[in-house]
Number of protein chains: 2
Amino acid sequence: MASSSLTLSQAILSRSLPRHNSSNNSQITPPSQITFSGLKSTTNTALRRRTTPSSVAGAAVRSPAIRASAATETLLKTDNALVDKSVNTIRFLAIDAVEKANSGHPGLPMGCAPMGHILYDETMRYNPKNPYWFNRDRFVLSAGHGCMLQYALLHLAGYDAVKEEDLKSFRQWGSKTPGHPENFETPGVEVTTGPLGQGIANAVGLALAEKHLAARFNKPDAEIVDHYTYCIIGDGCNMEGISQEAASLAGHWGLGKLIAFYDDNHISIDGDTEIAFTEDVGARFEALGWHVIWVKNGNTGYDEIRAAIKEAKAVTDKPTMIKVTTTIGFGSPNKANSYSVHGSALGAKEVEATRQNLGWPYEPFHLPEDVKSHWSRHVPEGAALEAGWNTKFAEYEKKYPEESAELKSIITGELPSGWEKALPTYTAESPADATRNLSQTNLNALAKVLPGFLGGSADLASSNMTLMKMFGDFQKNTPEERNIRFGVREHGMGAICNGIALHSPGLIPYCATFFVFTDYMRAAIRISALSESRVIYVMTHDSIGLGEDGPTHQPIEHLASFRAMPNILMLRPADGNETAGAYRIAILKNKTPSILALSRQKLPQLEGTSIEGTAKGGYIISDNSSGNKPDVILIGTGSELEIAVKAADELRKEGKAVRVVSFVSWELFDEQTAEYKESVLPSAVTARVSIEAGSTFGWEKIVGSKGKAIGIDRFGASAPAGKIYKEFGITAEAVIAAAKQLS
Amino acid sequence: MASSSLTLSQAILSRSLPRHNSSNNSQITPPSQITFSGLKSTTNTALRRRTTPSSVAGAAVRSPAIRASAATETLLKTDNALVDKSVNTIRFLAIDAVEKANSGHPGLPMGCAPMGHILYDETMRYNPKNPYWFNRDRFVLSAGHGCMLQYALLHLAGYDAVKEEDLKSFRQWGSKTPGHPENFETPGVEVTTGPLGQGIANAVGLALAEKHLAARFNKPDAEIVDHYTYCIIGDGCNMEGISQEAASLAGHWGLGKLIAFYDDNHISIDGDTEIAFTEDVGARFEALGWHVIWVKNGNTGYDEIRAAIKEAKAVTDKPTMIKVTTTIGFGSPNKANSYSVHGSALGAKEVEATRQNLGWPYEPFHLPEDVKSHWSRHVPEGAALEAGWNTKFAEYEKKYPEESAELKSIITGELPSGWEKALPTYTAESPADATRNLSQTNLNALAKVLPGFLGGSADLASSNMTLMKMFGDFQKNTPEERNIRFGVREHGMGAICNGIALHSPGLIPYCATFFVFTDYMRAAIRISALSESRVIYVMTHDSIGLGEDGPTHQPIEHLASFRAMPNILMLRPADGNETAGAYRIAILKNKTPSILALSRQKLPQLEGTSIEGTAKGGYIISDNSSGNKPDVILIGTGSELEIAVKAADELRKEGKAVRVVSFVSWELFDEQTAEYKESVLPSAVTARVSIEAGSTFGWEKIVGSKGKAIGIDRFGASAPAGKIYKEFGITAEAVIAAAKQLS
């Protein structure tokens, strides 16, 4: 089916393509670089977009007829011929880059070039010279392996990050064009994709952020937040459970400005999707509350794609999924519509055959002048869009100083001055409490002072203690609220939070479940770390201390598993001061996600803990030694710090010089100077005992070859918590015995 | 809505319940214990079930009328009254056990007691005295928190694992009734559930196993494999992405004997599902290719439930989802239909009110004699069922000796003698190859000798190299084949493999993806480890050695994260001999899953590696020292062992006494004697250098405080593999420099 339509459309295409290549060098001077803040004022408001359906038809400034006037008239046979040419430019940039790298995925860009062109050339609002302009439309390539599509589009649109030399260094060391889209490498790329299904969930987060901010900040006379989120998802994304979770929430929330293109090409790595994927995807999305449109000819049906986008925008109360049937590797006479074009270079011979087939006479990486000229308008248009928005914002600022101050904080990421004063502090006389409860106190304190703070739990709000009491629920009809109800969807939750965090520097999402269920969302947490998304993971029930729920619910290896992960803070506070300290550092580290492991059970407020100490990761909370020479150092984290303190009390009664160190975060301790580390853990003192209700894996680093790590190297058990602690030997007695043996 | 129907049905129920409690002590003598093999012959075949629709109606032996004859006639007002009483027995066993533990989830058992009763009392075929009888129907409580439902049913049915004292020690240390269902604690529980969505995916694996074995072994005159798989899933399960993945595959494979009950009670922990879950679940399952039935009154509509099961069995080419609308906590006048009954004891007052409301005059944990008597027939009936099957099998064995030998091996888990001889061996002269390719050689060798070996990849068969060439694809119409196509569904894949592994001791499933994507399936892998499921995880592209795909695809912390997990073997073979050794040990460890981390890139066959050495986890592959006193020990794993060897060659040229140790599996090394460990890593030799292209986290344990671990403690990069190795310092030069510094 797909192959016969391919042959026909290719034949038409070959005939209609202009063959000559006269150049037009009329460069449009780029506007002066627009600063990141996006708050600079201009008076141009002509390009302001409205969201009512009538405005879609009214967006004539982007119609092909008017676009053509900006291009080189003599080169155009028809508008569609120029579109064809632009689309083939995208295809060949992808083909050539993959060929040069001899690595990569040409199939998707070749199939999705038409929708890519229509999105970046005709539909999206962005400013290539300021990829961080706040009110830009967001685009996510969920099928991230097809990244050459996005790089080609960014290149055509005039983004500085992707110049010709960047395309030529695709997938090479240090390039701006890595093997999958990475927001931290390439300005213009919103999120980090590649692991399938993450991107659509990120897009749900981006669209949630827009809906929330629009509801909070827009005024009848000032629509200051107003953009779409577009996404391309593939068969692989649609097979992943995470995409189902995110799509179910998008439908539930009625994210009307989320428009996802499903690249329905029937091919995945193992061959035809018939071998593993025969569900009715459209019907499923309808069941999830999406509006679904099918574009049957995604290869050359430009008008079908345009009409679908128009229809999608007209449906404002539901997200839209546009199923676009395409041919993977479109244009390759021998490899199109097969898995062989998915993830390998075409090879010189097939590249040549494809050039012949699509009538493409150019050298590798060539940008035909008419195509270049046509796309060149995006730089001035983008500048004008941003300038227009800046004017609007200046007016908004005058009329609504309070709201604009909040929104500015969200846009810039600058924290309101004095926010840290909101954090609670405790003394040893403060009542004992579970750190999950202390966490809630912090969350509620921070919610008052941080305008971009929002979040929720995966159906465990009342266990994780994550409700912000002054706010209602973010829902379809109350999107201005800040408590998010994720349902039992941990993986989607994490990835949605990545999208929220990467929407604006001042949005600080938190999300929660039981610590053991980080296993469900680990792929999203890893992308938080990699993509530098400041997501705060509120993970309660952090050990056997949860008791009766048993081993399926008791984390053992989880602390170790996150300590081994790069760029993430694993924090396990012991009491109120450390919980406040953990939140403080989690907020301050704005390029690093944090995980707070919190207890279900009550813990005493300890003498010596502090917000400042917590920031150092490891610090002395009590010591009766002198000269930095304790007989023994006892080291604890979280709920076991109390046990270390009790053991120290006993040992001191027996005359020992004992130091107690809280090791709330290994990563923060690693950041300290060698001098500081030596002051806490003097190398001469090898008598060290650690206690933590989790795997001992990794603790040799802290206690040394001669020390003793007390922990749990088996699965947990179902019983009351106290009983398990005792049976597993996580006790002061065990610490005392070990300390005596060593010192 | 639900609460008004609740009130009505409770009123009816209260009226119809008999109040007296005369006892009947006629115990039925249990048959002699039937051995596990399940192969003992008897002549009773009367209870043989057929799968044609007509047989459903014909299964009169299980109709209420006949059942009643086995019970105490005088106690029965109507059949439904006895069913009511049995259902309330289940409810109160759950209420009482949770109350006594003051911990647990009474809501689900109270709501699902009717479907539970109809399943275990009227529908399922099992032998309480041999929970491992091969041809039993399987039941999975995917909503595992409701485990008191299953414990109550196992108790009523006569399983030895759940006696009255076990119910009374619910959630206590050492009990057979832990807080969630655990197959390794409680015979009669098939799989380990609790983490939501796992159970339905396990059920898909169990149903896959049945369909596969039936297709392979049944004959026109001998239907030797023939059982159903039942499952109860909750709202939480249905929100999880893993359930979508598994359900999509179940529909694709047409698993007609999988029947899932969706406990549609509209309540999850955070309250009404309206706040986060408004998709049309039924329509979604239809889109996935399931047959969907809605039972509107799951609280008292016994006949509706029965009719639904009958209809489900009549649909043989699709799995069936029976949406059963129930009231969570049914019977509790003040807590039913609210989240408060989900996960906490009712409290003495509400227990009393519920007793009043349901007309239940008994002491806690009381089993009314008529109910007891009614259920008592399952012991003899179960024995007869198994005996009948044994007779059939004896006939089968005579007619089909070859097939029966294979099936016996699958049923008993006894490996065919000499199977290890199939493993390939290599010399240092054998050609260099990627361990993923060497893995494929092993997979294909094992496929020939292990009848229960089957598996596949999450859409990466051609990258993971996991196809068994002599077999076709397991598909709807070719279920006898053994290559499973999981699509891009890692999490579902892992949990389905858990189901396959726990179906029969001799089924050995393997599954594959890129090592980094273990993050997607970690929750399922953890349950493999906890539930002692011998799943072999074939994880290729195990480091930065995969090159251009970049940091989203390059595992860093993954080796450490699994080394920290209990009861799992993390194996990273370096060449052909070690790959064969890894497969050997993965097969032999029949209560432990294994992960094989395999290279994308070519590796040389090394001198000194062996299958036997691999079994020890860490072993010397070369040494020019004497007296167990090398100047330095170089330690490598997987693709970096080659680097250690090269470094050793250089150092030896310079006169150093160098030992090279392969550390293919930390867990296996841990199992060795102290003597052996000392022989490999003498404590006197502190000059130790390790090299591994992954996080150094944990390596202090091996190299000691004075050694040096060379590794990668940052995210990877997109570039050709060789370039990344060089830039990251994973080189022989780095090893040599470190060795010189230390020795």
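Residues numbered from 1 in each chain as written. Chains lettered and ligands numbered in written order. Predicted model: local features only at pLDDT ≥ 70, side-chain atom pairs only at ≥ 80, totals over all residues. Heavy atoms only, no water.

Visitor: Account for the sheet that holds strand 10 (residues 473-474) of chain A, with residues named and values stated.
Guide: Strands belonging to one sheet form pairs held by backbone hydrogen bonds; the direction of such a pair is parallel or antiparallel. Residues and elements named next belong to chain A. Taken in spatial order, the seven strands line up as 10-11-9-12-13-15-14 in an open sheet, and their pairing is parallel. Looking at the sheet topology across the chains shown, the edges are occupied by strand 10 and strand 14 (569-571). Relative to the sheet, helix 19 (residues 490-503) contacts strand 9 (453-457), strand 11 (483-485), strand 12 (508-514) and strand 13 (536-540), its axis offset from that of strand 12 by approximately 170 degrees. (Pairing = 2+ DSSP bridges. Helix = DSSP H or I, 4+ residues; strand = E, 2+ residues; numbered from the N terminus. Contact = heavy atoms within 4.5 Å. Axes fitted to C-alpha atoms, helices over the stretch in contact; angles between N-to-C directions.)

Visitor: Account for the UniProt feature "binding site: thiamine diphosphate" (unreviewed entry) in chain A, with residues named and values stated.
Guide: When the UniProt feature table is mapped to this numbering, "binding site: thiamine diphosphate" (unreviewed entry) covers His-145, Gly-194, Pro-195, Leu-196, Gly-236, Asn-265, His-342 and Phe-517 of chain A. Annotated residues spanning 373 residues; largest pairwise C-alpha distance 34.1 Å, indicating distribution over more than one region. Tracing the backbone through its elements, the reader meets Gly-194 of chain A in the loop between helix 7 (164-168) and helix 8 (198-217). The residues touching Gly-194 of chain A, leaving out its near neighbours within four places in the chain, are Ser-142, Gly-144 and His-180 of chain A together with His-553 of chain B. (UniProt positions renumbered as here; feature names shortened; annotations may be inferred.)

Visitor: Any chance you could break down the relation of the copies chain A and chain B for me, citing the residues and the numbers?
Guide: Under the fitted operation, chain A is carried onto chain B by 0.0 Å of movement along the axis and a turn of 180 degrees, and the coordinates agree to an RMSD of 0.0 Å. Expressed as an axis order, the relation between the two copies is that of a two-fold axis. Most of the interface of chain A is mirrored in chain B, where 100% of its interface residues again form contacts. (Least-squares fit on C-alpha atoms with pLDDT ≥ 70 in both.)

Visitor: How would you sum up the state of the cysteines? Please name residues and give values.
Guide: What makes a disulfide is a covalent bond joining the sulfur atoms belonging to two cysteines. One pass over the structure, following the stated rule, counts zero disulfides over all chains. The thiol of Cys-112 of chain A is unpaired, and the distance to the nearest cysteine sulfur, on Cys-237 of chain A, comes to 11 Å. (Disulfide = S-S within 2.5 Å.)

Visitor: A description of the packing of aromatic side chains should follow, citing residues and the corresponding values.
Guide: By the definition in use, this model includes 51 aromatic pairs over all chains. Seen in terms of ring centroids, Trp-253 of chain A and Phe-486 of chain A are 6.2 Å apart; in terms of plane orientation they differ by 75 degrees. Their pairing is edge-to-face. Taken as a pair, Trp-253 of chain A in helix 10 (residues 241-253) and Phe-486 of chain A in the loop between strand 11 and helix 19 lie far apart in primary sequence, 233 residues in all. There is no split in this pair, since Trp-253 of chain A and Phe-486 of chain A are both buried. By the ring-pair criterion, three or more aromatic residues cluster together here, those being Phe-663, Trp-666, Phe-669, Tyr-676, Phe-697 and Trp-699 of chain A together with Phe-663, Trp-666, Phe-669, Tyr-676, Phe-697 and Trp-699 of chain B. (Phe/Tyr/Trp six-rings, centres within 6.5 Å; stacked < 30°, edge-to-face > 60°. Buried < 20%, exposed > 50% of the residue type's maximum accessible area, 1.4 Å probe, protein only.)

Visitor: How would you sum up the sheet that holds strand 19 (residues 658-662) of chain B? Please name residues and give values.
Guide: All names here are of chain B. With respect to topology, five strands assemble into an open sheet ordered 17-19-18-20-21, the strand pairing being mixed. Of all strands in the sheet, those bounded by a partner on one side alone are strand 17 (619-623) and strand 21 (708-710). The mean angle between the axes of side-by-side strands here comes to 20 degrees, regardless of whether they run parallel or antiparallel. Across four bridges, the pairing between strand 17 and strand 19 is antiparallel.

Visitor: Run through the interface of chain A and chain B, naming residues and quoting values.
Guide: Taken together, the contact between chain A and chain B spans 97 residues of the former and 97 residues of the latter. Between chain A and chain B the total buried area reaches about 7,900 Å² when both faces are included, carbon and sulfur atoms providing 59% of it. When the buried surface of chain A facing chain B is broken down by residue, Trp-173, Arg-526 and Phe-697 of chain A rank first, second and third, together holding 11% of it. One can count eight salt bridges joining chain A with chain B. Residues Asp-270 of chain B and Arg-485 of chain A are paired through a salt bridge, measuring 3.4 Å at the closest nitrogen-oxygen approach. At the surface where chain A touches chain B, the tally comes to 52 residue pairs in polar contact (both at pLDDT 80 or more). Across the side of chain A that touches chain B, the residue classes tally to 40 nonpolar, 31 polar and 26 charged. (Buried area = accessible area lost by both parts, 1.4 Å probe. Salt bridge = Lys/Arg side-chain N within 4 Å of Asp/Glu carboxyl O. Polar contact = N/O pair within 3.5 Å; in protein donor to acceptor, adjacent residues only side chain to side chain. Nonpolar A, V, L, I, M, F, W, Y, C, P; charged D, E, K, R; others polar.)

Visitor: I'd like a description of the confidence of the model for chain A, backed by residues and values.
Guide: Residue and element names in this part refer to chain A. Put simply, chain A has an average pLDDT of 91, and 90% of its residues get 70 or more. Ignoring residues within four places in sequence, the model shows residues 1-78, a span with pLDDT below 50, making 147 contacts including any to other chains. Predicted complex metrics record ipTM = 0.91 and pTM = 0.91. (pLDDT = per-residue confidence, 0-100.)

Visitor: Before we move on, could you go through helix 10 of chain A and cite the residues and values that matter?
Guide: Residue pairs three or four apart in sequence face the same way in an α-helix, which turns once every 3.6 residues. All names here are of chain A. Taking 1.5 Å of rise per residue, the 13 residues of helix 10 would be expected to cover 18 Å, and the 19 Å separating its terminal C-alpha atoms lies within 8% of that figure. Burial analysis of helix 10 places 13 of its 13 residues in the buried class, which makes it a mostly covered element. Gly-254, located one to two residues past helix 10, shows a positive phi value of around 60 degrees. (Expected span 1.5 Å × (residues − 1).)

Visitor: If you had to explain the packing of helix 20 (residues 518-530) of chain A against helix 20 (residues 518-530) of chain B to someone new, which residues and values would you point to?
Guide: As a packed pair, helix 20 of chain A and helix 20 of chain B sit with axes 6 Å apart at the nearest point and diverge in direction by 160 degrees. Between helix 20 of chain A and helix 20 of chain B, the angle falls in the class roughly antiparallel. Helix-helix and strand crossings are classified by hand; for helix 20 of chain A and helix 20 of chain B the assignment is right-handed. Of the residues in helix 20 of chain B, those touching helix 20 of chain A at Asp-519, Tyr-520, Arg-522, Ala-523 and Arg-526 of chain A are Asp-519, Tyr-520, Arg-522, Ala-523 and Arg-526 of chain B. In the contact of helix 20 of chain A with helix 20 of chain B, the residues fall into four nonpolar, no polar and six charged. (Parallel < 35°, antiparallel > 145°, perpendicular 65-115°, else oblique. Left-handed = near helix turned anticlockwise from the far one by under 90°.)

Visitor: Talk me through the UniProt feature "binding site: substrate" (unreviewed entry) in chain A; I want residue IDs and the actual numbers.
Guide: Mapped onto the present numbering, the UniProt feature "binding site: substrate" (unreviewed entry) falls on His-105, His-342, Arg-436, Ser-463, His-541, Asp-549, His-553 and Arg-600 of chain A. Considering the C-alpha atoms alone, the annotated residues occupy 496 residues of sequence and remain spread out, their largest mutual distance being 47.8 Å. Considering the arrangement of structural elements, one finds His-105 of chain A in the loop between helix 4 (79-101) and helix 5 (107-123). Sequence-distant contacts of His-105 of chain A, that is, excluding residues within four places in its chain, are made with Val-98, His-145, Gly-146, Arg-171, His-342 and Gly-343 of chain A together with Asp-549 of chain B. Checked against the element boundaries, Ser-463 of chain A lands in helix 18 (residues 461-464). With a relative accessible area of 17%, Ser-463 of chain A lands in the buried category.

Visitor: Got a sec to walk through the side chain of Ser-404 of chain B? Specific residues and values, please.
Guide: All names here are of chain B. Counting through the fold element by element, Ser-404 comes out in helix 16 (residues 401-412). According to the relative accessible area criterion, Ser-404 is buried, its value standing at 2%. Reaching out from Ser-404, the side chain makes a polar contact with the backbone oxygen of Pro-401 at a distance of 3.1 Å.

Visitor: Requested: an account of the pattern of salt bridges, with residues and values cited.
Guide: Residues and elements named next belong to chain A. One pass over the full model with this rule turns up 71 salt bridges over all chains. Here Glu-692 and Arg-563 are joined by a salt bridge, their closest N and O atoms 2.7 Å apart. On the criterion of sequence distance, the pair formed by Glu-692 in the loop between strand 20 (688-691) and helix 27 (700-703) and Arg-563 in helix 21 (residues 558-563) is long-range, its members being 129 residues apart. A single burial state applies to Glu-692 and to Arg-563, both of which are buried.

Visitor: Give me the lowdown on the environment of Lys-335 of chain B, citing residues and values where you can.
Guide: Residue and element names in this part refer to chain B. Here Lys-335 is to be found in the loop between strand 7 (320-325) and helix 13 (348-358). Take Lys-335: its relative accessible area is 22%, and that puts it in the partly exposed class. Along the chain, Lys-335 and Thr-354 lie 19 residues apart, while their C-alpha atoms are 9.5 Å from each other. Excluding anything up to four places from it in sequence, Lys-335 contacts Ser-340, Val-341, Ala-345, Leu-346 and Glu-350.

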